[in-house]
Amino acid sequence: MKSQEIRQKFLNFFEERGHMVVPSAPIVLKDDPTLMFNNSGMAQFKEYFLGNAKPKSNRITDTQKCLRVSGKHNDLEEVGIDTYHHTMFEMLGNWSFGDYFKKEAINWAWELLTEVYNIPKDILYVTVFEGSEEENVPFDQEAYDIWSTLIDKDRILMGNKKDNFWEMGDQGPCGPCTEIHVDIRSAEEKAKIAGRELVNGDHPQVVEIWNNVFMEFNRKADGSLEKLPAQHVDTGMGFERLCMVLQGVQSNYDTDVFSPLIAKVSELTGGKYTMKAKDDEEEKINIAIRVIVDHVRAVAFAIADGQLPSNNGAGYVIRRILRRAIRYAFTFLDKKEPFIYELVEVLSAQMGAFFPEITSQKELVKNVIKEEETSFLRTLEQGLHLLDNVIKQTEGKVVSGVKAFELYDTFGFPIDLTALILREKGYELDEAGFDAAMLEQKTRSRAASEVSTDDWTVLVSGNVEQFVGYDQLENEVKITRYRKIDSKKDGKLFQIVLDATPFYPEGGGQVGDTGVLVSANDTIEVIDTKKENNLILHIVRELPANVEGTLVAKVDIDARKQSMANHSATHLLHQALRTILGTHVEQKGSLVAPTHLRFDFSHFSKVTEEELAQVEAFVNDRIHDHLPLVERRSIPMAQAIAEGAMALFGEKYGDEVRAIKFGESMELCGGTHVGNTSDIWQFKIVSEGAVAAGIRRIEAITNKAARQFYAEQELTLKEIKMVLKNPQDTLKAVGALQDENAKLKKQVEQLLKEKAKNLKGDLKGQIQEVNGIAFLAVEVDLDASGAKDLAYELGNEFSNLYVLFGSVANDKPMLTCYVSKDIVESKGLNAGTIVRELGKHIQGGGGGQAFFATAGGKNPAGMAEAIAHAKDYLK
């Protein structure tokens, strides 16, 4: 049975039983502060389990793209090593929100597996929760009794809290679960040991395929459990593992989910994948190929959903996954050129029918992955050179773990590759030293980001909260719930939820509102507004004296108006870019703040000055046309798209959407906007540049910031005129000044060259011979260029020269080091290493090549000491 058919049969089965089929949410979560990625099928339904929103149906089914590489659910280091863990995987699920419970969930699961998929009953085992005295939760007798009518009792196993009690996180909905496991070993292996002995034992052919979670409890901040007002079902079946079982293979990677990708990797690298490796070398190749085909899926879908690789947050996780794939290819498949990007074509052909985003975003995904590959391969090359230097400086055969950590932390050089290279060269890595340095960094990072959250104090029960901020910036409100949060970074704060708030929560690129909550007795500052699980959270430093009293919520009107102007301008900018550059342009991210706007978009080349001028003019024309806002707050999604509304990839939309229209610009958007484009006043682009391959970024200002910008430009022009003695033609006067400066610069350069020539004769007489090397270390009165020219001129006359020049220009000390190429190898001297170490005396650093390098610093007083220590490298 093909994987596409397996997926469809699952959805059809539950649709026939009254479930609404919903699409997968994006793999990247943009508006959930508690999660970077969708790490389970239930993540997109958290607000329903928490009772903060009502689902469109009490029965839902879907297949969800999931990513597990960070936080509590982190499978990254197992991926590739075994055959059943993945970074990205599909989770098939069926959900009941206060509707059916254990009986239906268990019976349907058994019917689907044994009667629709025809999995033999004698290879299946189930586990039920054995109970927990510490949690005061009894043995799940109900689940056991239901299973007893379906399967032999000797195939019903007890599961402990670790395996059979599922929790969303440290706090929140949770409950006992029943898991279904499959034993696909050969008859000979089964005869040796029963499958029941291997359940939950990490055996690659005795694996869990389906987990049915019965959400009955809420985990409170103090660790205690309380009963939920309604009972829910949350199930998840691993699609890749199900395909392994139904296709009669022994590994997820042998299914048609992965086999086309594996074939392409083999074609591109020459590495042959074998189902059963004969030796360690074959297994290393197998692992490398498994890592690559798994990781390209995760990276490709994350990019298609709008998350670019970067140096922080979710972007760093994506970069880390891709770099793991690159280094496995580099080390075990001897692949030194980019190739992983070519797998996107196969992925698109294989999964595009069900996940159209991977096809529509294919070129962007390929470009971004290729650029990341090229960049990291350069890093690996640089790291190999740096590692050679570390080895040369190592006494004995054990390389410092701290030095290895510096390579990892500063240059991104993988520690497993460091260890591998050291072994090949006969060295050992001080792993304990590396682990200690890594632990110290993690401890610092964890301490800085640690947050503790109290339980909600509920003042008004029920889902009564609403947002009124499209129409009002001030409103009488009551607090419905609040809780305390404590973080190392921000200290003690409170999150307040209001019944009818005018505060817009951060989302869709727009920052959250600020303002105040006013009562008769006090004024509470709202420092930020965010959204979590469908609740709008107002962040404050203190609670009102009377939390049950009536307050007046007042949004900072000026900040909101500036944000509105910038948000509306992003819509006009999007329209301008698609009109002037082409309809291939798509929004890939944005920031809308009161002070400025940032807009990321797909485009294959730098936007020219002429194009930028056209874009700016296009937007300003629409501003000056006084286009009114046409807002439709509840329009069917299909209708909005049919009418031409732009929907953004990676965003999650409901059946009913809000559409914003200014003239011909129409987008789906939940943000706040001006009532008329004239309120934007003026649009000014302040920068344009690259973010990643195929992604550009424009930063711009409007309204008050634009007025301030033009005022500053006018003031600057006046000051320039005053300096130039108020010429009639300012531009002509500046040109004349530049011409005069160029002439004087040439004269200075000529004088310095003559000075260097005269100096050369004096310095030749100061050169000493030390251990067969011509050595000179002296301070010279030259600029960087002059010092370099002089060093090279001396180098032309001496084949064994090591020279260090110190110089100071504008109170900035500088070291210039030259080492003849003949003695770089023979004597082990390295100019880059020398200036990096001597640069510490002048409170600076630098680098360069082995034969020439420079270092700048901040402490001229340390120059003499640096020069004095130059001879140390000749001992």
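You'll find the structure just up there.
The following paragraphs examine the structure supplied in this document. Please read all numbers here as calculations on a predicted model, not as lab measurements.

What counts, and at which threshold
Residues numbered from 1 in each chain as written. Predicted model: local features only at pLDDT ≥ 70, side-chain atom pairs only at ≥ 80, totals over all residues. Heavy atoms only, no water. Buried < 20%, exposed > 50% of the residue type's maximum accessible area, 1.4 Å probe, protein only. Helix = DSSP H or I, 4+ residues; strand = E, 2+ residues; numbered from the N terminus. Arc of directions from axis to C-beta. Polar contact = N/O pair within 3.5 Å; in protein donor to acceptor, adjacent residues only side chain to side chain. Phe/Tyr/Trp six-rings, centres within 6.5 Å; stacked < 30°, edge-to-face > 60°. Lys NZ or Arg CZ within 6 Å of the ring centre and 35° of its normal. Axes fitted to C-alpha atoms, helices over the stretch in contact; angles between N-to-C directions. Parallel < 35°, antiparallel > 145°, perpendicular 65-115°, else oblique. Left-handed = near helix turned anticlockwise from the far one by under 90°. Contact = heavy atoms within 4.5 Å. Nonpolar A, V, L, I, M, F, W, Y, C, P; charged D, E, K, R; others polar. Core = buried A, V, L, I, M, F, W, Y, C linked by side-chain atoms within 4.5 Å. Pairing = 2+ DSSP bridges. Expected span 1.5 Å × (residues − 1). Salt bridge = Lys/Arg side-chain N within 4 Å of Asp/Glu carboxyl O.

Further remarks concern helix H14 (residues 401-411). All of the buried residues in H14 are Gly401, Ala404, Phe405 and Leu407. Looking down the long axis of H14, one finds its buried residues gathered within 155° of arc, a one-sided arrangement. Where H14 begins, the capping side chain belongs to Ser400, and its oxygen is found 3.1 Å from the backbone nitrogen of Val402. Looking one or two places after H14, you find Gly412, whose phi comes out positive at around 75°.

A few words on the packing of aromatic side chains. Here the structure, examined in full by the defined rule, presents 30 aromatic pairs. Their ring planes at 80° and their centres at 4.9 Å tell us that Tyr100 and Trp108 sit as a pair that is edge-to-face. Through a chain of ring-to-ring contacts, the aromatic side chains of Phe10, Phe13, Phe14, Tyr100, Trp108 and Trp210 assemble into a single cluster. If you follow Arg155 out to its NZ or CZ, it ends over the ring of Tyr125, 4.5 Å from the centre. Its guanidinium or amino end placed over the ring of Tyr470, Arg658 lies 3.7 Å from that ring's centre, counting from NZ or CZ.

Below, the discussion takes up the packing of helix H13 (residues 362-392) against H14. At a minimum axis distance of 11 Å, the contact between H13 and H14 shows a crossing angle of 160°. With respect to H14, the element H13 is oriented roughly antiparallel. Handedness of the H13/H14 crossing: right-handed. Mapping the contact onto sequence places Thr379, Gln382, Gly383, Leu386, Leu387 and Val390 in H13 and Lys403, Leu407 and Phe411 in H14. For the contact of H13 with H14, the residue count by class is 5 nonpolar, 3 polar and 1 charged.

Counting residues in each nonpolar core, the largest one holds 124 residues, and the members touching the most others are Tyr117, Trp210, Ile340 and Ile369. Considering every element that reaches this core, the biggest residue donor is helix H9 (residues 280-304), with 14 residues. Setting aside residues up to four positions removed in sequence, Tyr117 forms contacts with Met1, Ile6, Lys9, Phe10, Leu112, Met237, Leu242 and Leu246.

Bringing the side chain of Thr480 into the picture now. Following the sequence through the fold, Thr480 ends up in strand S17 (residues 474-487). With sequence-adjacent residues up to four places away left out, Thr480 is seen in contact with Thr457, Val458, Leu459, Val460, Val464, Glu465, Val497, Leu498 and Asp499.

As for its position among the elements, Val398 is in strand S12 (residues 398-399). Ignoring anything within four residues of it in the chain, the contact list for Val398 reads Glu428 and Asp430.

What the 3 strands build is an open sheet, ordered S26-S27-S28; its pairing is antiparallel. With partners counted over all chains shown, the strands left at the sheet margins are strand S26 (630-636) and strand S28 (665-668), one partner each. Between one strand and the next, the sheet's axes are offset by a mean angle of 25°, whatever the strand orientation. Bridge count for S26 against strand S27 (residues 656-662) is 5 bridges, and the pairing is antiparallel. When the bridges of S27 are listed, Val630 appears paired with Lys661. Each of S27 and S28 is contacted by helix H17 (residues 557-580), which is oriented at about 115° to S28, the strand it contacts most.

Let's shift gears to the packing of helix H3 (residues 102-116) against helix H4 (residues 141-148). Between H3 and H4, the least distance of the axes is 10 Å, while the angle of their chain directions is 35°. Helix-helix and strand crossings are classified by hand; for H3 and H4 the assignment is right-handed. From H3, Lys102, Lys103, Ile106, Asn107 and Trp110 reach across to H4, where they touch Glu142, Ala143, Ile146 and Trp147. The residue inventory of the contact of H3 with H4, partitioned by class, reads 5 nonpolar, 1 polar and 3 charged.

Two pairing modes exist for strands in a sheet, parallel and antiparallel, and in both the strands are linked by backbone hydrogen bonds. Spatial ordering of the open sheet is given by S24-S25-S30-S29, a layout of 4 strands whose pairing is antiparallel. Looking at strand neighbours, the two that pair on one side only are strand S24 (587-592) and strand S29 (683-692), the edges of this open sheet. Across the sheet, the mean angle from the axis of one strand to that of its neighbour is 15°, orientation sign disregarded. Sheet analysis places S24 next to strand S25 (residues 597-602), joined by 5 bridges and oriented antiparallel. Looking at the pairing, Gln587 lines up with Phe601 of S25. Relative to the sheet, helix H20 (residues 703-723) contacts S29 and strand S30 (695-702), its axis offset from that of S30 by approximately 80°.

Attention shifts here to H9. Over its 25 residues, H9 runs 36 Å from end to end, which matches the ideal 36 Å to within 8%, given 1.5 Å per residue. Two to three positions downstream of the cap, the backbone nitrogen of Glu281 sits 3.2 Å from a side-chain oxygen, assigning the N-cap of H9 to Asp279.

Here we come to the pattern of salt bridges. By the definition in use, this model includes 45 salt bridges. A salt bridge links Arg319 to Glu372, with the shortest nitrogen-to-oxygen separation between them at 2.8 Å. Remark: Glu372 occurs in helix H13 and Arg319 occurs in helix H10 (residues 313-332); sequence separation between them is 53 residues. Of the two residues, Arg319 and Glu372, neither departs from the other in class, the shared state being buried. For Arg633, the salt bridge goes to Glu631, with nearest N and O atoms at 2.8 Å. Judged by its relative accessible area of 37%, Arg633 is partly exposed.

This part is about the side chain of Thr501. Mapped onto the elements of the fold, Thr501 is located in strand S19 (residues 500-501). Judged by its relative accessible area of 1%, Thr501 is buried. Separated by 3.0 Å, the side chain of Thr501 and the backbone nitrogen of Phe503 make a polar contact. Setting aside chain neighbours within four positions, we find Thr501 in contact with Gln466, Phe467, Val468, Gly469, Ile536 and His538.

For strand S18 (residues 491-498), the tally of buried residues reaches 6 of 8 residues, placing the bulk of the element in the interior. Of the strand pairs in this sheet, S18 and strand S22 (residues 535-540) are connected by 3 bridges, and their pairing is antiparallel. Each bridged residue has a counterpart across the sheet, and for Phe494 the counterpart in S22 is Val540.

Its place among the elements puts Pro414 in the loop between H14 and helix H15 (415-424). The residues touching Pro414, leaving out its near neighbours within four places in the chain, are Arg327, Phe376 and Leu380.

Function-wise, these values are silent; they only describe arrangement.
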